[in-house]
Amino acid sequence: MREISARQITQTIRDLCIKANAVLPEALENCIRCGAEKEQSAAGKAVFADLCANLDAARETSLPICQDTGMAVVFMQIGQDVHITDGDLREAVNNGVAAGYLDGYLRCSVVGDPLERVNTNNNTPAVLHLDIVPGDSIRIDVCPKGFGSENMSALKMLTPAASQDDIIGFVRDTIAKAGSNPCPPIVVGVGIGGDFEQCAYLAKKALCRDVAVRNPKPLYAELEQKMLEAVNRLGIGPQGFGGTVTALAVNIEQAPTHIAGLPVSVNVGCHVTRHASAVL
């Protein structure tokens, strides 16, 4: 049994909140920098130039890439041979988020109740996903999620009779409806299978996967490519000004489902689909 202090978890999450909001994952930044070469419209190329300049400025100044520094989504894979000491895990996570957003001068966007709308003033509580895995370490992924893109997400309970074309069509139509709202070029997370809530979780998990990593199952890797092509044929383009690059990547995660159902969920991420990771 290995002991890990809740204080170490708090400090790690604090640092990841600040890092994720200032520096994009390398593969995603590469996608953006290559986008100008792929983009065929003059307006789109100009937008990509501005996006790249923004990435450089954020890195050099340690300021947020985007003014919407997001709602903190935290994924934790906790080894079953780990014993967390010195405090409550959920409290440690929220303390880390609060410290990261306050110390990093990041915008606090969370309200404590969806109808009363009173800001919590420290961006807590986080959305926390816990997974117990073999081993004696903890992997932490902090994924700040802005809501200009989150609001464009969708879930549909298809039937088993739905074809691949139906699934692709649902994803394409979701992005067509979103238009310029999610600040394209976007990253698209797609969940297929599970039940209602697991399907949405899968889409979020897919959105936070490195864009350089394809689904390991050839069927879904091919489907990712087909969805990407379908979305880019929409012509929405960078920031909605028209063009050939509307999406940078489509990631799919799948899970077993019921014989009577085929849930499909789309979680939309803007061009700054942020995440940062650490292992304790």
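For the structure itself, look to the data block above.
For every chain, the first residue of the written sequence is number 1, and numbering continues from 1 onward in sequence order. Per-residue local features of the predicted model are confined to residues with pLDDT of at least 70, and side-chain atom pairs are confined, for both listing and counting, to 80 or more; whole-chain, interface and lining totals are unaffected and use all residues. In computing side-chain properties, one takes all heavy atoms of the structure into account and sets aside hydrogens as well as water.

(A) Seen up close, the layout of surface pockets. The way it works is a 1 Å grid over only the protein atoms, where trapped points that fit a 1.4 Å probe form a cavity and open points with protein on both sides within 12 Å along at least five of seven lines form a pocket, and then any residue with an atom within 4 Å of a point lines it. Grid points are joined across faces, edges and corners, and a volume is the space filled by probe spheres set on the points. Considered as a void within the structure, the largest pocket measures approximately 350 Å³ in volume. Around the largest pocket sit 17 residues that line it, and F75, R139, D141, K205 and C208 are the ones nearest its centre. Elements represented by at least two residues in the lining of the largest pocket include exactly β2 (71-79), β4 (127-133), β5 (138-145), α7 (196-207) and β10 (276-279). Among the residues forming the lining of the largest pocket, the class breakdown is six nonpolar, four polar and seven charged. Roughly 250 Å³ of internal volume is contained in the second largest pocket. Taken together, 13 residues form the lining of the second largest pocket, with M71, S109, V110, V111 and F147 sitting closest to its centre. Each residue gets one of three labels, nonpolar for Ala, Val, Leu, Ile, Met, Phe, Trp, Tyr, Cys and Pro, charged for Asp, Glu, Lys and Arg, and polar for the others, Gly among them. When grouped by side-chain class, the residues that make up the lining of the second largest pocket number five nonpolar, three polar and five charged. Put simply, DSSP marks the helices as runs of H or I at least four residues long and the strands as runs of E at least two long, and each gets a number from the N terminus on.

(B) Geometry of the packing of aromatic side chains. Under the pairing criterion, centres of Phe, Tyr and Trp rings, with the six-membered ring standing for Trp, must be within 6.5 Å; the plane angle then separates stacked pairs below 30 degrees from edge-to-face pairs above 60, leaving the rest tilted. In the structure shown here, the tally under the stated rule is one aromatic pair. Judged by centre distance (6.0 Å) and plane angle (55°), the ring pair of F75 and Y201 falls under tilted. Here F75, found in strand β2, pairs with Y201, found in helix α7; they are 126 residues apart in sequence, far enough to count as distant. Burial classes: relative accessible area under 20% of the type maximum marks a residue as buried, over 50% as exposed, and values in between as partly exposed (1.4 Å probe, protein chains only). Of the residues examined, F75 reaches a relative accessible area of 10% and is grouped as buried. Overall, the relative accessible area of 26% leaves Y201 in the partly exposed class.

(C) Structural context of the sheet that holds β10. Ordered in space as β4-β2-β5-β10, the four strands form an open sheet in which the pairing is mixed. If you trace the sheet from one side to the other, it starts and ends with β4 and β10, each paired once. Each adjacent strand pair in this sheet contributes to an overall mean axis angle of 15°, direction not counted. Whether two residues are in contact is decided by their heavy atoms, any of which lying within 4.5 Å being enough. A fitted line through C-alpha atoms serves as each axis, taken over the contacting stretch for helices, and the angle formed by two N-to-C directions is quoted from 0 to 180°. Across the face of the sheet, helix α1 (residues 6-22) comes into contact with β2, β5 and β10 while running at roughly 40° to β5. Across the sheet, α7 touches β2, β4 and β5, and the angle it forms with β2 is around 95°. In this analysis, strands are considered paired if DSSP registers two or more bridges between them.

(D) Looking closely at empty space enclosed by the protein. Under the criterion given, the structure shown has two cavities of 30 Å³ or more. Approximately 70 Å³ is the volume attributed to the largest cavity. Along its surface, the largest cavity is lined by 13 residues, and P144, K145, L207, T273 and R274 are the ones closest to its centre. For the lining of the largest cavity, the secondary-structure elements that each account for two or more residues are β5 and α7. Among the elements that line the lining of the largest cavity, the one with the most residues is β5, at three residues. Its volume calculated, the second largest cavity comes out at about 30 Å³. As for the second largest cavity, its lining consists of P25, L28, V187, L207, R209, D210, V211, T273 and H275. Considering only residue class, the lining of the second largest cavity consists of five nonpolar, two polar and two charged.

(E) Looking closely at the sheet that holds strand β7 (residues 186-194). Strands sit in the order β6-β9-β7-β8 across an open sheet of four strands; the sheet is mixed. On the outer flanks of this sheet lie β6 (154-158) and β8 (247-257), each paired with one strand and no other. Strand after strand, the sheet turns through a mean of 15° between neighbouring axes, direction not considered. Across five bridges, β6 lies against strand β9 (residues 262-269) in antiparallel orientation. Looking at β9, one finds that A154 is bridged to V266. Along the sheet, helix α8 (residues 218-232) contacts β7 and β8; its crossing angle with β8, the most-contacted strand, is approximately 135°.

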